[in-house]
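Report on the structure
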Amino acid sequence: MKKYGKVIIAAIIAMIFIGTFVFLWQKSQPKEVVYNEFTPAVNDLRKTTIITGKIEPRNEVYVKPQISGIITEILKEAGDYVQQGEVIAKVKVIPDMGSLSSAEARVRLADINLQQAKVDYDREKNLYEQKLVSADEFDKVSQQLRQAKHELGAAQDALQVVRDGFSKSNASASSTLIRSTISGVILDIPVKVGNSVINSNTFNDGTTIATVANMSDLIFRGNIDETEVGQLTMGIPMKITIGALQDMSFDAALEYISPKAIENNGANQFELKAAVKVGKNDKIRSGYSANAEIVLASVDKVLTIPESTLEFSGDSTFVYVFTDSVNGKHYERRPVETGLSDGVNIEVKKGLNSKDKVRGPEVITEEEED
């Protein structure tokens, strides 16, 4: 029994040794390289570029007060639609003491002049009734009285404007009422009740009460690389996609390219603007991030192959075309003339026909990946 056991163990060891040898021999044998093959197809090609930017109204108007004062009431809020001339807020005037003193002095002087004009008028009227002065002299005195009354009224109005921000004669156009200068949507109201505001003058821009914009007239603003800007023309169509609106898309037309480049992350880029076509029921908010797709070049119904099948050598381009499968597959290296590429497929102008089979990248098996 011991003798048979030794024989069995020796046989097992021999089988393991032979099996290992055969496995290593098979692994050492060269395997046939298998390639993907492609047949040229007729397709339409589009060379596109994607530009990142944002949606914003063409014009944003900053509504500012005509006088300095304190906000007493805000009648609107961001997001409201306002008509031109509609009141947004009210301001309580804090009069300038110098202007107030001048206005009060003007009223006092006008009142003195009026009293004197009345005295002159009464005297001249008495003489005119006695026919001691001519009608022309009486008319001059009457004119002076009317002018004095008008000057007093104007002085009182000016005093009320300085003190209260409006007068009885122009109450409808009161400068204490901050009105929208255009019809549109209020984008922002950066002030609160109680805030002090100042009017625009030579030394400052004034306090912004509200920002109003026409949200039906929108533009896309973005930057394009200098390598692509030369392929753009005014009016070229664009497809605008807003990711925040479930990839909602809009048509647009290019209307502006900046004549001067700006540096962005080490690259020269040019600002562009495009008019966005928005429907009446589309609700777009200012500042949405968006992508613009622009077709830089296109060709229709041309013979195409994958770019991965090309081989470049100097200024020439080659492909490998299947010839026969005797003792393995054989391919012929053939020069071709290419055209437009969309990044995946490329146009073939010369060198191939629709019946050729073109060699592509090598097929990688799971064993080779391991």
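Description of the structure in this document. The structure presented is a predicted model; accordingly, all values stated were derived computationally and were not measured.

**So, the overall build of the chain**
When helices and strands are counted, the chain shows 5 helices and 22 strands. Buried positions account for 29% of the 370 residues belonging to the chain. Taking as baseline every contact in the chain between residues at least 6 positions apart, the subset at least 24 positions apart corresponds to 71%. Counting only carbon and sulfur atoms, one obtains 51% of the accessible surface of the chain, whose full area is about 23,900 Å².

**Re the environment of Ile236**
You can see Ile236 is positioned in the loop between helix 4 (226–229) and strand 12 (237–242). For Ile236, a relative accessible area of 11% corresponds to the buried category. Residues Ile236 and Ile294, 58 residues apart in the sequence, show an inter-C-alpha distance of 7.9 Å. Those residues in contact with Ile236 that lie beyond four places of it in its chain are Ala252, Ala253, Leu254, Ile294 and Val295.

**Let's talk about the nonpolar core**
Ile55, Phe220, Leu232 and Met238 are the most contacted members of the largest nonpolar core, which has 28 residues in total. Looking at this core, the elements that each hand over two or more residues are strand 2 (41–57), strand 11 (218–225), strand 12, strand 13 (248–257), strand 15 (267–276) and strand 16 (289–306). If near-sequence neighbours (up to four positions away) are discounted, Leu232 is found in contact with Ile224, Leu254, Ile257, Leu272, Ile294 and Leu296. In terms of nonpolar packing, the next biggest core, distinct from the first, is built from 14 residues, Ile71, Ile186, Ile189 and Val197 among them.

**Here we look at the pairing of strand 13**
Strand direction decides the pairing type here: strand 12 and strand 13, joined by 6 bridges, are antiparallel. Within strand 13, the position partnered with Lys239 by the bridge is Asp251. Looking at chain direction, strand 13 and strand 15 are connected through 5 bridges and run antiparallel. In the strand pairing of strand 15, Leu254 is matched with Ala274.

**Structural notes on the pattern of salt bridges**
Overall, the coordinates contain 15 salt bridges when judged by the stated rule. Arg221 is the salt-bridge partner of Glu56, the closest N and O atoms lying 2.5 Å from each other. Of this pair, Glu56 sits in strand 2 while Arg221 sits in strand 11, placing them 165 residues apart in sequence. With relative accessibility at 26%, the residue Arg221 sits in the partly exposed group. Among the salt bridges present, the one from Glu151 reaches Arg106, with a minimum N-O distance of 3.1 Å. Of this pair, Glu151 sits in helix 3 (residues 135–164) while Arg106 is found in helix 2 (residues 97–129), placing the two residues 45 residues apart along the sequence. Its relative accessible area of 31% is what places Glu151 among the partly exposed residues. A residue is classified by how much of its surface remains accessible, and Arg106, at 36% relative accessible area, is partly exposed. Several salt bridges share partner residues, and in doing so they unite Lys54, Glu56, Arg221 and Glu271 into one network.

**Examining the sheet that holds strand 3 (residues 60–63)**
Across the sheet, which stays open at both edges, the 4 strands sit in the order 3-10-8-5 with antiparallel pairing between neighbours. Each edge of the open sheet is held by one strand with a lone partner, namely strand 3 and strand 5 (81–82). Bridge count between strand 8 (residues 184–188) and strand 10 (residues 210–213): 3 bridges; the pairing is antiparallel. Paired with Asp188 across the two strands is Thr211, which belongs to strand 10.

Rules behind the numbers
- Counting of residues starts from 1 at the beginning of each chain's written sequence and follows it residue by residue.
- With the structure being a predicted model, the display of local features is reserved for residues of pLDDT at least 70 and the display and counting of side-chain atom pairs for 80 or more, all residues being used for whole-chain, interface and lining totals.
- With hydrogens and water stripped out, all remaining heavy atoms of the structure feed into the side-chain values.
- Secondary structure follows DSSP: runs of H or I at least 4 residues long count as helices, runs of E at least 2 residues long count as strands, and numbering of each begins at the N terminus.
- Accessibility here uses a 1.4 Å probe with only protein chains present; expressed as a share of the type maximum, an area under 20% marks a residue as buried, one over 50% as exposed, and anything in between as partly exposed.
- Only heavy atoms matter for contacts: two residues are in contact if any of them lie within 4.5 Å across the pair.
- Reported accessibility uses the Shrake-Rupley method at a 1.4 Å probe radius. Residues are deemed covered only where the shown protein chains occlude them.
- To qualify as a nonpolar core, a set must consist of buried Ala, Val, Leu, Ile, Met, Phe, Trp, Tyr and Cys residues joined through side-chain atoms within 4.5 Å.
- In short, DSSP must find at least two bridges between two strands for them to pair.
- The salt bridge criterion pairs a side-chain nitrogen of Lys or Arg with a carboxyl oxygen of Asp or Glu, the two atoms within 4 Å.

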